[in-house]
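# Topology and contacts: notes
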Amino acid sequence: MRTIEDLDVTGRRVFVRADLNVPLDGDRITDDGRIRASLPTINALRERGARVIVGAHLGRPKGQVKPEFSLRPVAARLGELLGAEVRFATDTAGESAREVAGALADGEVALVENLRFEPGETSKDDAERGEFADRLAALADLYVGDGFGAVHRKHASVFDLPRRLPHAAGRLVFTEIDVLRRLTESPQRPYAVVLGGSKVSDKLGVIENLLGTADRILIGGGMAYTFLAAQGHEVGTSLLERDQIDTVQEYLRRAADKGVEFVLPVDVVTADRFAADADRRTVDADSIPADRMGLDIGPRSAELFAAKLADAQTVFWNGPMGVFEMEPFAGGTRAVAQGLIDSGAFTVVGGGDSAAAVRSLGFDERAFGHISTGGGASLEYLEGKTLPGIAALEDE
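So, here is what we can say about the structure in this document.

Conventions adopted
- Residues numbered from 1 in each chain as written.
- Predicted model: local features only at pLDDT ≥ 70, side-chain atom pairs only at ≥ 80, totals over all residues.
- Heavy atoms only, no water.
- Pairing = 2+ DSSP bridges.
- Helix = DSSP H or I, 4+ residues; strand = E, 2+ residues; numbered from the N terminus.
- Contact = heavy atoms within 4.5 Å.
- Axes fitted to C-alpha atoms, helices over the stretch in contact; angles between N-to-C directions.
- Buried < 20%, exposed > 50% of the residue type's maximum accessible area, 1.4 Å probe, protein only.
- Core = buried A, V, L, I, M, F, W, Y, C linked by side-chain atoms within 4.5 Å.
- Salt bridge = Lys/Arg side-chain N within 4 Å of Asp/Glu carboxyl O.
- Phe/Tyr/Trp six-rings, centres within 6.5 Å; stacked < 30°, edge-to-face > 60°.
- Lys NZ or Arg CZ within 6 Å of the ring centre and 35° of its normal.
- Expected span 1.5 Å × (residues − 1).
- Bend = angle between axes of the 7 residues up to and from the residue.

## Examining the sheet that holds strand β15 (residues 314–318)
- Read across the open sheet, the six strands follow the order β11-β10-β9-β15-β16-β17; overall the sheet is parallel. One side of each edge strand has no neighbouring strand; the edge strands of this open sheet are β11 (261–263) and β17 (370–371).
- The sheet contact formed by β15 and strand β16 (residues 346–349) spans four bridges and is parallel. From the neighbouring strand, Trp 317 faces β16, where its bridge partner is Val 349.
- Those strands touched by helix α12 (residues 331–343) are β9 (191–195), β15 and β16, and its axis lies near 160° from that of β15.

## Focus on the environment of Ile 4
- Mapped onto the secondary structure, Ile 4 falls in the segment before β1 (13–17).
- We classify Ile 4 as buried; its relative accessible area is 1%.
- When residues no more than four places from it in sequence are discounted, the contact partners of Ile 4 are Thr 41, Ala 44, Leu 45, Arg 48, Val 144, Ala 168, Ala 169, Gly 170 and Arg 171.

## Some points on the nonpolar core
- Among the nonpolar cores identified, the biggest contains 71 residues, and Leu 195, Ile 207, Ile 217, Ile 219, Phe 227 and Phe 262 are the most heavily contacted of them.
- With six residues, the top contributor of residues to this core is helix α9 (residues 224–230).
- Apart from the residues within four sequence positions on either side, Leu 195 is in contact with Val 206, Ile 207, Leu 210, Ile 217, Leu 218, Ile 219, Gly 220, Met 223, Asn 318 and Met 321.
- In this structure, Ile 29, Ile 35, Ala 75 and Val 109 belong to the second largest nonpolar core, which totals 31 residues.

## Considering the sheet that holds strand β14 (residues 293–297)
- Pairing within the open sheet is antiparallel, and its three strands lie in the order β13-β12-β14. Each of the sheet's edge strands pairs with one partner strand only, and the pair in question is β13 (280–284) and β14. Averaged over all pairs of adjacent strands, the angle between their axes in this sheet comes to 40°, without regard to strand direction.
- Direction of pairing for strand β12 (residues 267–271) relative to β13: antiparallel, over a ladder of five bridges. For Val 268, the partnering residue across the bridge sits in β13 and is Val 283.
- The sheet contacts of helix α11 (residues 299–310) involve β12, β13 and β14, and relative to β14 the element is tilted by about 40°.

## Thoughts on the environment of Lys 199
- Considering the arrangement of structural elements, one finds Lys 199 in the loop between β9 and α8 (204–210).
- By relative accessible area, Lys 199 is classed as partly exposed at 44%.
- The spacing of Lys 199 and Glu 241 is 42 residues in sequence and 7.3 Å in space, taken between C-alpha atoms.
- Apart from residues no more than four positions distant in its own chain, Lys 199 is found in contact with Met 223 and Glu 241.

## Considering the pattern of salt bridges
- Under the definition given, this model contains 31 salt bridges.
- With its nearest N and O atoms 2.7 Å apart, the salt bridge here joins Arg 171 to Glu 5. Within this pair, whereas Arg 171 is found in helix α7 (residues 171–185), its partner Glu 5 is found in the segment before β1, the two being separated by 166 residues in sequence.
- For Arg 171, a relative accessible area of 39% corresponds to the partly exposed category.
- Among the ionic pairs, Glu 80 bridges to Arg 77, the shortest N-O distance being 2.8 Å. With Glu 80 and Arg 77 both in helix α2 (residues 72–82) and three residues apart, the pair spans about one turn of that helix.

## A look at unusual backbone geometry
- Cis peptide bonds are those with omega within 30 degrees of zero, and the linkage from Arg 189 to Pro 190 qualifies with 5°.
- Its place among the elements puts Pro 190 in the loop between α7 and β9.
- Phi at Lys 62 takes a positive value of approximately 55°, unusual for a residue other than glycine.
- By the secondary structure assignment, Lys 62 is in the loop between β4 (51–55) and α2.
- Residue classification places Lys 62 among the exposed residues on the basis of a relative accessible area of 70%.

## Quick notes on the packing of aromatic side chains
- Taken as a whole and judged by the stated rule, the model has three aromatic pairs.
- Note on Phe 363 and Phe 368: the rings are 6.4 Å apart at their centroids and 75° apart in plane angle, and the pair reads as edge-to-face.
- One Lys or Arg, Arg 182, reaches over the ring of Phe 346 and ends 3.7 Å from the middle of that ring.

## What about helix α1 (residues 33–47)?
- The terminal C-alpha atoms of α1, which comprises 15 residues, lie 22 Å apart, in line with the 21 Å expected from a rise of 1.5 Å per residue.
- Most pronounced at Leu 39, the bend in α1 amounts to some 35°, and the proline Pro 40 follows within four residues.
- Looking one or two places after α1, you find Gly 49, whose phi comes out positive at around 85°.

Fair warning: the whole summary comes from geometry, so function is off the table for now.
Here is the structure:
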């Protein structure tokens with residue numbers, strides 16, 4: 001896979017597919033982590049005299065122009081972080097984009113409007129995607145793929161566009177792939193994996209693959225209740241994927257056969273309703289009342305998880321341990337994050353809600369080995385799937 005150092009970018013227009021899909025409160029960006037992650041590639045290109053055209057998506061406008069998904073606030077924040085004006089095109093590959101791209105001088109940066117405003121970006125029809133990719137290709141001379149959070153999507157700007165221009169991987173994508181290879185090909189052991197989040201069905205593929213590589217797998221979050229139910233325990237009104245119980249039971253059997261340790265919560269923080277001011281009660285994980293829901297792992301579970309991480313040499317974490325957005329149910333997620341730091345291991349936080357939790361709970365990102373920008377892409381890589389955006393960049 002070529003890197004940006006392999007391209008002659010001076011005086012040339014470079015289309016950078018970035019991941020700037022940040023959370024917004026109105027037009028206020030509440031977490032600019034993904035914008036910051038794009039800076040090394042953009043700055044490296046600017047310093048070498050490239051004329052940088054950034055493309056990205058925001059939300060799921062489904063091929064329609066929706067003002068609430070405009071990238072204009074992102075352009076403003078990107079300019080602040082770069083310390084330079086970022087010109088904004090009010091369309092993706094139309095008159096405004098052509099005008100803005102054509103007016104760039106060496107070292108300048110522009111951002112085009114939300115790529116997903118165009119139906120061709122996410123179309124499953126090859127011809128429709130190709131037509132949009134052709135219009136994007138007309139804006140630039142070179143392509144740099146740096147939106148790791150989108151590389152698992154067969155989208156026009158991710159898969160089709162690099163096939164039309166000389167291309168290379170940006171620094172973020174290159175780093176992400178390097179880290180994930182360390183997890184799959186040569187992890188230092190013990191190798192511990194922490195999985196959380198709401199649905200076990202979202203993690204089935206990665207659990208399947210990890211049974212052959214991980215030494216221990218810690219399960220928290222909403223998905224833990226399907227595991228507890230698979231062991232025959234009452235889970236009350238907690239999240240439960242009843243149709244996955246048989247699959248989970250099979251994974252537990254296979255893990256035992258392979259010597260992979262599964263670690264489940266021993267206590268949980270329950271509530272009478274889904275609210276920050278709900279009545280809270282910590283109970284044993286095998287004694288959840290029928291009329292209550294688990295919203296976090298309990299303090300004994302937090303201690304157990306920290307102990308299971310203490311001697312690890314490699315840790316991958318994807319998914320919070322509870323509803324961390326509500327402070328009364330953030331304790332488990334906070335304990336796992338601290339456990340990763342205290343372990344001294346090579347730690348990888350697998351994007352999505354886990355990365356958001358690290359930042360919102362006040363942890364220093366530098367305390368972790370790597371914080372991924374792409375939760376879904378990370379999981380699919382660990383499942384052993386081919387990622388369309390990576391395959392396109394590897395195609396010479």
